[in-house]
Each structure stands twice: as C-alpha cells, then as structure tokens.
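Each chain, letter by letter, is given below.
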Amino acid sequence: MRAARRAPAAFAAAACALAGTVAVALAVAGGPAPEPAGYVSEAGAPESATVWPYRLGLLAVAAGLVLLGVALPPALRLATGLLLASAVATGVSAGVSCRAACPLPPFDRVVLADLVHGGASIAAVAGPVLAMLVVAATAGVDRPLRRIAVVAVAVALPLSLVAGLALLLVGRSVLMGSVERLLLFDLAAWGVATGLALGLARAPVAVGQVAGGAGRPHRQRILGGRWPTSGS
C-alpha cells in the first residue's frame, strides 16, 4: 500500500481508538464497579447493564488496532503483527465475559471464562506496549512517530510492571484498578496520537502555483514533519 493511501486508514484508526475508549469509559462509569478498586472488565460482565456498550467499545478498539497496523510503514512490520495479534485478543476479550467482579487467580476461584477473558485482556494490552517499544527502537522511523512512542512506552513500561505485581501480590484493589486505568489511557492516547501523526504525514497537500514555474499546481506529502516549500 502506498504511503498516501495509508492516510485514510490512519485517521480511521485514531477515530476508532477514540470512540472505543470513550464507549468503554462510559460503560465503566455506569457499570457495577465505577470505583477505582474495580476492574475495567466488570462493566462487561453478562449481568451488567453496560455489557453491550462495553463490548462494542472493545470491538471499536480492535478495529482501530487493525487499521493502525495497516497504516504503519513497511519498516514496522513487527509492530503491525503485534497490533493485529492484540486486535484478535481484544475481540476475544469482548466476546468472552468474566463473571461478576472478574475473579482472577491466585486470590479467587475461577472458571474457564474468567481465565479466557483475563488472558485475552492481558494479551490485548501487551501487544500495543510491545508495538510502541518497536516503534521507539526502530531506526529510520519518522521523528514524530518515535517521539510519541518514546513518551508512551516510558509511561507504559513501569505501569505494566506495577500492574503485573499488583495482580499477583494484591489482587482486586485501588492500586490495581488505578494502574489498570492509567495504562489503558496511555495505550489509547498512543493509538490516537500515532494515527493522527501517520495520517497527517501521509496525506497529500495541494500546493499553489510556484513562483517562476509553469503555473501548474503540484502535490507533495508532509513526511517526517517537513512541510513542502515553494522551492521544492
């Protein structure tokens, strides 16, 4: 896919990520556990009134991950693969709900659905974290994309570490719920910012008549934050 043709996918990825995040946030706020001690996934429990807004929000996020992977340049194929895998995991997380209060080991008795939902949710989060790490570490990537990824991964890595330890050592708590929400917000912000940066970088820009030229407009692209000039 040519760079200019990736712009619609990039803008759509940002829109899906934003819409899905807002839908999930509203579902959590109106769900059975809006307090920080609750898991985000509790809004999608089968008996919850917010189960469908939650599921639709997750599906929008999954679509955004696919579109963002499509919009990334060929040099970031590993990041694309990670985003596609995360999209599949997000879809599984949306389709397989945990029970009320989302019990997880080692503190709770669980059934298969709890384990499937919990494992898929962890994989869904891990994919974008690793993808942004790849973007930040890959040489030759446009500077704006790397800057966004560096900031996002600097926030995501410590939050992921704290979340993992809290899940194993503390369980359902204000610490776990707060860290989970911060991490998901960071991932959403990275997805929206990266989609917009890719779209703006790939979108064709109509440039007016060039002084001293043939009087005919031409089209250029904004690449890596460099704006077209009249002398190009």
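Below: a short report on this structure. (Residues numbered from 1 in each chain as written. Predicted model: local features only at pLDDT ≥ 70, side-chain atom pairs only at ≥ 80, totals over all residues. Heavy atoms only, no water.)

1. Regarding the side chain of T194
What counts is decided by this rule: Helical segments are the DSSP runs of H or I of at least four residues, strand segments are the runs of E of at least two, and each set is numbered from the N terminus. Relative accessibility under 20% of the residue-type maximum defines a buried residue, over 50% an exposed one, and the middle range a partly exposed one, all with a 1.4 Å probe and only protein chains included. Note on contacts: a residue pair qualifies if any of its non-hydrogen atoms lie within 4.5 Å across the two residues.
Positionally, T194 belongs in helix α6 (residues 174-202). Under the relative-accessibility criterion, T194 is labelled buried at 3%. Not counting chain neighbours up to four residues away, the residues in contact with T194 comprise L68, L145 and I148.

2. A word on empty space enclosed by the protein
If a probe the size of a water molecule is rolled over the atoms, the empty space left behind becomes visible. Keep this limit in mind: Using a grid of 1 Å spacing that covers the protein atoms alone, one calls a set of points a cavity when a 1.4 Å probe fits there but cannot get out, and a pocket when the set is open and has protein on both sides within 12 Å along at least five of seven lines; lining residues are those with an atom within 4 Å of a point. Grid points are joined across faces, edges and corners, and a volume is the space filled by probe spheres set on the points. For this scheme, ten residues count as nonpolar: Ala, Val, Leu, Ile, Met, Phe, Trp, Tyr, Cys and Pro. Four count as charged, namely Asp, Glu, Lys and Arg, and the remainder, Gly too, count as polar.
A full pass over the atoms with the stated rule returns one cavity of 30 Å³ or more. Considered as a void within the structure, the largest cavity measures approximately 30 Å³ in volume. Looking at the largest cavity, the residues that line it are Y39, L104, P105, F107, D108, L167, G171 and R172. Classifying every residue of the lining of the largest cavity gives five nonpolar, one polar and two charged.

3. Let's talk about the state of the cysteines
To be explicit about the condition: The rule for a disulfide is simple: a pair of cysteine sulfur atoms within 2.5 Å.
Going through the model one piece at a time under the given rule, you end up with one disulfide. Covalent S-S linkage joins C98 and C102, the inter-sulfur distance amounting to 1.8 Å. Using a relative accessible area of 4% as the deciding quantity, one classes C102 as buried.

4. Comments concerning unusual backbone geometry
Here the amide bond leading from P105 into P106 is cis, since omega sits at 5 degrees, within 30 degrees of zero. In this structure, A101 takes a positive phi of about 70 degrees despite not being glycine. Mapped onto the elements of the fold, A101 is located in the loop between α3 (77-95) and α4 (112-137). The backbone of C102 sits at a positive phi, close to 45 degrees, despite the residue not being glycine. Position of C102 relative to the elements: it lies in the loop between α3 and α4.

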